[in-house]
Amino acid sequence: MTTTTSTTAAPTEAVATASTAATASTADAPALIRFRPTGLDTAPEVNALLERLGLGPFAPDGLTAFGGRNDNWAGTTTRGRQVFVKTVARAPDGSRPEIDRALAFEATAARLPAGSPLRTPEHLGTDRESAVSAFRLLPGSRSGSEVALDGDFDEALCREAGRAVATLHTLGTADGASGGASGGEAPDPASAPAIDTGEAPLPPMRWLRAFPWSEVQDRSMAQIAAWKLVQDDTEVVAALHRLRERERTAPHTPAHCDLRFDQFLVHDGQLFLCDWEEFRLADPARDVGAFVGEWLFQATYSVFAPTGEPTSAKDAVAPGFDLSHEEIVERGAAGLRHHIPRIAAFWQGYTECRTPDPELAERAVGFAGWHLYDRLIATAQAHAVLNPVARAAAGIGRTLLLNPAGAVATLRLADPAVPHPAVTPAAVVPAAVLPTAVAHPAQPHPADAPSGSPR
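Described in the following lines is the structure provided in the data block. (Residues numbered from 1 in each chain as written. Predicted model: local features only at pLDDT ≥ 70, side-chain atom pairs only at ≥ 80, totals over all residues. Heavy atoms only, no water.)

**Some thoughts on the overall build of the chain**
Our working definition: Here a strand is any run of E in DSSP of at least two residues, a helix any run of H or I of at least four, and the numbering for each starts at the N terminus. Burial here depends on accessible area, computed with a 1.4 Å probe over protein chains only, as a share of the maximum for the residue type. Under 20% is buried, over 50% is exposed, and the range in between is partly exposed. Here the open area of atoms and residues is found with the Shrake-Rupley method and a 1.4 Å probe, where only the protein chains shown may cover a residue.
Within the chain, the secondary structure is distributed over 13 helices and eleven strands. Burial analysis of the chain (455 residues in total) assigns 55% to the buried set. About 19,000 Å² of surface is accessible on the chain, with carbon and sulfur atoms providing 54% of the total.

Structure (structure tokens):
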């Protein structure tokens, strides 16, 4: 049985669906992008797994897919079960590290008590040989990136995200894994793969010195230019080496290590976290920093939105690229003021469920800085020139990497009992960076950024 995985950012043909009730008007309903899945005749292992699980094969009517770097299918089986199935790539040596990491998470999470803040779609089963996994589909759910796009990833949801991530970071401790299972048939911990202890792949340190020639053919001209932007900045390279060294000596916990908005799902008012292919023991600051970095990336895009904050995909390509320097700085500060309370709510939820080590917040700011560079590289995949908005995000990332301690209080990652300072452009946004972001008008939305590792 073979594994079929996509080599593109998403399956072939996009189709739009409405995320609101059918009674809502078309004009008011935010459009959610779904895709036509790869034909199941080319991936017989999918239905073979579903039949072995007793679910029946997929019914062809209504079968759809979600965006992402791996092939996936979502629909109803002939026995009426709503299921989501995805494949992952094998390593060149034939091993299946991503499947093994995901199975290690499922075995570890099986010890979560009922009502845990960490929720994840029920794992129905995996064919490790074919690298295919099946999960209970959450009908009507919305990805966190869609929720953020529509302006609905509010402070309450951010606090829930903080509680979920903190609970993840306590897995395997008395606080985080005591009691019964979370439901469903979990992998047997005795036979599940061990939790990966290898170093997380991003940032790929050897690429800071030189871009491998073997990788050039798989990268766009904009991605190569993005890597050159990093490599030519000796201060950023040195800061990334320092961050890696701090990471190696930091306390390690179970961690997601690929946290982005689109790894969250909102279903029936509850927040779920999914996609565990990078799960491993790592510095928990990676996950905290990634969540912070997502909001900072959103804040950068809000500079160029007509209303100051993109609320739908149509606002991603914004007029007004003749903004003055003062207007750019003002909008940048406004975007930060709007999003930083969400970061603060995440941190509040996190500290409610876990006491961080004394240096976690500072390391998290450093990882937020790297996350912005990572977004620059990811959004460059389908482009010939660097996205100017992502360049501006990288400028913020540079500020955070070079002086993480200086941004802890501004980003509201300090002790909640300590009064927080007012948010000013100079605290996080280097004003000199922002004007360079108006050179080219065509702007993809941050939700278009594909996932992958390395970028």
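**Description of the nonpolar core**
Rules: The set of buried Ala, Val, Leu, Ile, Met, Phe, Trp, Tyr and Cys residues whose side-chain atoms join them within 4.5 Å is what this entry labels a nonpolar core. Only heavy atoms enter the contact rule, under which two residues are in contact if any of them lie within 4.5 Å.
One finds L118, F153, F291, L400, L411 and L413 to be the most contacted residues of the largest nonpolar core, which totals 80 residues. Looking at this core, the element that brings in the most residues is helix α10 (residues 360-379), giving eleven residues. Not counting chain neighbours up to four residues away, the residues in contact with L413 comprise V292, I343, W347, A361, V365 and V408.

**Points about the packing of aromatic side chains**
Filter applied, for reference: Ring geometry is summarised as follows: Phe, Tyr and Trp rings, the Trp one being its six-membered ring, pair when their centres sit within 6.5 Å, and such pairs are stacked at plane angles under 30 degrees, edge-to-face over 60 and tilted between the two.
Enumeration according to the criterion identifies 16 aromatic pairs in this entry. Through successive ring pairs, a cluster of aromatic residues spans F153, F261, F264, F291, W295, F346, W347 and Y350.

**Re the packing of helix α8 (residues 285-302) against α10**
Put simply, the test is: Only the contacting stretch of a helix is used when fitting its axis, a line to C-alpha atoms as for every element, and angles between N-to-C directions run 0 to 180 degrees. Throughout, the term roughly parallel applies to angles under 35 degrees, roughly antiparallel to angles over 145, roughly perpendicular to angles from 65 to 115, and oblique to all others. Crossing handedness is read from the near helix: turned anticlockwise from the far helix by less than a right angle, it gives a left-handed crossing, and turned clockwise, a right-handed one. Under this grouping Gly is polar, as are all residues other than the nonpolar Ala, Val, Leu, Ile, Met, Phe, Trp, Tyr, Cys and Pro and the charged Asp, Glu, Lys and Arg.
Interaxial distance between α8 and α10 falls to 7 Å at its minimum, and their mutual angle equals 55°. Overall, the two elements α8 and α10 adopt an arrangement that is oblique. For the pair α8 and α10, the sense of crossing is right-handed. Contact residues: α8 offers A285, R286, V288, G289, A290, V292, G293, E294, L296 and F297, while α10 offers L360, R363, A364, F367, A368, H371, L372, R375 and T379. Within the contact of α8 with α10, the residues separate by chemical class into eleven nonpolar, four polar and four charged.

**Some words on the environment of F297**
Summarising the element assignment, F297 is placed in helix α8. Given a relative accessible area of 2%, F297 falls into the buried group. The spatial distance from the C-alpha of F297 to the C-alpha of H371 is 8.8 Å, given a sequence separation of 74 residues.

**Some thoughts on helix α4 (residues 155-169)**
So the rule is basically this: Residue count minus one, scaled by 1.5 Å, sets the expected span of a helix.
The terminal C-alpha atoms of α4, which comprises 15 residues, lie 21 Å apart, in line with the 21 Å expected from a rise of 1.5 Å per residue. Among all positions of α4, only L157, C158, A161, G162, A164, V165, A166, T167, L168 and H169 are buried.

**Observations concerning the sheet that holds strand β5 (residues 123-127)**
Applicable threshold: When DSSP locates at least two bridges between a pair of strands, those strands are taken to pair.
Read from one edge of the open sheet, four strands run β3-β4-β6-β5, paired in antiparallel fashion. Strands at the two margins of the open sheet, each flanked by one partner only, are β3 (72-76) and β5. Taking each pair of neighbouring strands and ignoring which way they run, the sheet shows an average axis angle of 15°. With five bridges connecting them, strand β4 (residues 82-87) and strand β6 (residues 132-136) associate as antiparallel partners.

**Considerations on the pattern of salt bridges**
Which entries qualify depends on this criterion: Salt bridges, as used here, are contacts in which a Lys or Arg side-chain nitrogen is within 4 Å of a carboxyl oxygen on Asp or Glu.
Applying the stated criterion across every chain, the model contains 30 salt bridges. The salt bridge involving K228 is made with D232; its shortest N-O contact spans 2.6 Å. One salt bridge in this structure joins E245 and R248, with 2.4 Å as the shortest N-O distance. Of this pair, E245 and R248 are both found in helix α7 (residues 234-249), three residues apart, which corresponds to roughly one turn of the helix. Residue E245 is classed as partly exposed on the basis of its relative accessible area, which comes to 47%. Judged by its relative accessible area of 43%, R248 falls in the partly exposed class. Each of E199, R244, E245, E247, R248 and R286 takes part in salt bridges that share partners, so that together they form one network.

**Regarding unusual backbone geometry**
In this structure, the amide linkage connecting L202 to the following residue, P203, adopts the cis form with an omega of -5°. Structurally, the position occupied by P203 is in the loop between α4 and α5 (213-216). We note that D275 has phi near 65°; this positive angle belongs to a residue other than glycine. Residue placement: D275 occurs in the loop between β10 (270-273) and β11 (280-282).

**Here we look at the side chain of H123**
Where we set the bar: Each polar contact in these results corresponds to two N or O atoms within 3.5 Å; when the atoms are within protein, one needs to be able to donate a hydrogen and the other to accept it, and residues that are neighboring in sequence are counted only if both atoms are side-chain atoms.
With respect to the helices and strands, H123 occurs in strand β5. For H123, a relative accessible area of 9% translates into the label buried. Polar side-chain contacts of H123 include one of 2.8 Å to the side chain of T126.

**Looking at the sheet that holds β10**
Strand order in the open sheet made by the three strands is β7-β9-β10, with antiparallel pairing throughout. With partners counted over all chains shown, the strands left at the sheet margins are β7 (142-143) and β10, one partner each.

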